[in-house]
Amino acid sequence: MMLRFPLLVACVPGMLVILLAWWFRKLHLSLFVRLLPGVLTVIASIILFYIGFVNIRGFEGAGYGILAFFLLPFAIVASIIASKNKGVQS
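Residues numbered from 1 in each chain as written. Predicted model: local features only at pLDDT ≥ 70, side-chain atom pairs only at ≥ 80, totals over all residues. Heavy atoms only, no water.

The helix and strand inventory of the protein chain stands at three helices and zero strands. Listed N to C, the secondary structure of the protein chain is α-α-α in terms of helices and strands. Along the first, second and third principal axes, the C-alpha atoms of the protein chain reach 55 × 25 × 15 Å. The buried share among the 90 residues of the protein chain stands at 31%. The contacts of the protein chain with a sequence gap of at least 6 include a subset with a gap of at least 24, amounting to 74%. (Helix = DSSP H or I, 4+ residues; strand = E, 2+ residues; numbered from the N terminus. Buried < 20%, exposed > 50% of the residue type's maximum accessible area, 1.4 Å probe, protein only. Contact = heavy atoms within 4.5 Å.)

Next up, the structure:
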């Protein structure tokens, strides 16, 4: 339960970040705008980890830390999707 719930909670904003990065790539926006969802997710993950480790502590703080850990792969995938170049289109 301690690992499953933060994973499930991280799936909703994580999928939203991935879809947002994909949508920005589809709209052919600048690289800065396309990378913004992934970068903001990494920043949010660092802030969540800090709050859980310094302010809350205990089991609830560990839940925040695990949530932050599960948000990082979504941010990495969103950054890869955003920075991927499209091939030559015919």
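Of all hydrophobic cores here, the largest spans 14 residues; its most connected members are A10, I18, L48 and A78. The set of elements that each furnish at least two residues to this core consists of helix 1 (4–26) and helix 3 (58–83). Looking at this core, the element that brings in the most residues is helix 3, giving nine residues. (Core = buried A, V, L, I, M, F, W, Y, C linked by side-chain atoms within 4.5 Å.)

Okay, helix 2 (residues 31–56) next. Here helix 2 spans 36 Å end to end across 26 residues, near enough to the 38 Å set by a 1.5 Å rise per residue. Of all the bends found along helix 2, the most pronounced is centred on P37 and spans about 35°. What helix 2 keeps buried is the set R34, P37, G38, T41, S45, L48 and G52. Looking at the buried residues of helix 2, the elements they touch are helix 1 and helix 3. (Expected span 1.5 Å × (residues − 1). Bend = angle between axes of the 7 residues up to and from the residue.)

This part takes up the packing of aromatic side chains. A full pass over the atoms with the stated rule returns three aromatic pairs. Relative to F53, the ring of F49 lies with its centre 5.9 Å away and its plane at 5°, an arrangement referred to as stacked. Here F53 and F49 lie together in helix 2, a separation of four residues that amounts to about one turn. Residue classification places F53 among the exposed residues on the basis of a relative accessible area of 59%. (Phe/Tyr/Trp six-rings, centres within 6.5 Å; stacked < 30°, edge-to-face > 60°.)

Among the surface-exposed residues, L19, L20, W22, W23, L27 and L29 lie close enough to one another that they form a single nonpolar patch of about 570 Å² accessible area. Assessed through its relative accessible area of 44%, L27 is described here as partly exposed. (Patch = residues over 30% accessible without salt bridge, like charges linked within 9 Å, V, L, I, M, F, W, Y side chains within 5 Å. Areas by Shrake-Rupley, 256 points an atom, 1.4 Å probe, with all protein chains shown as cover. Salt bridge = Lys/Arg side-chain N within 4 Å of Asp/Glu carboxyl O.)

Moving on, we come to the packing of helix 1 against helix 3. Interhelical geometry of helix 1 versus helix 3 gives an angle of 20° and a closest axis separation of 9 Å. With respect to helix 3, the axis of helix 1 lies roughly parallel. Considering the relative orientation of helix 1 and helix 3, their crossing is right-handed. A breakdown of the residues in the contact of helix 1 with helix 3 according to their chemical character gives 20 nonpolar, two polar and one charged. (Axes fitted to C-alpha atoms, helices over the stretch in contact; angles between N-to-C directions. Parallel < 35°, antiparallel > 145°, perpendicular 65-115°, else oblique. Left-handed = near helix turned anticlockwise from the far one by under 90°. Nonpolar A, V, L, I, M, F, W, Y, C, P; charged D, E, K, R; others polar.)

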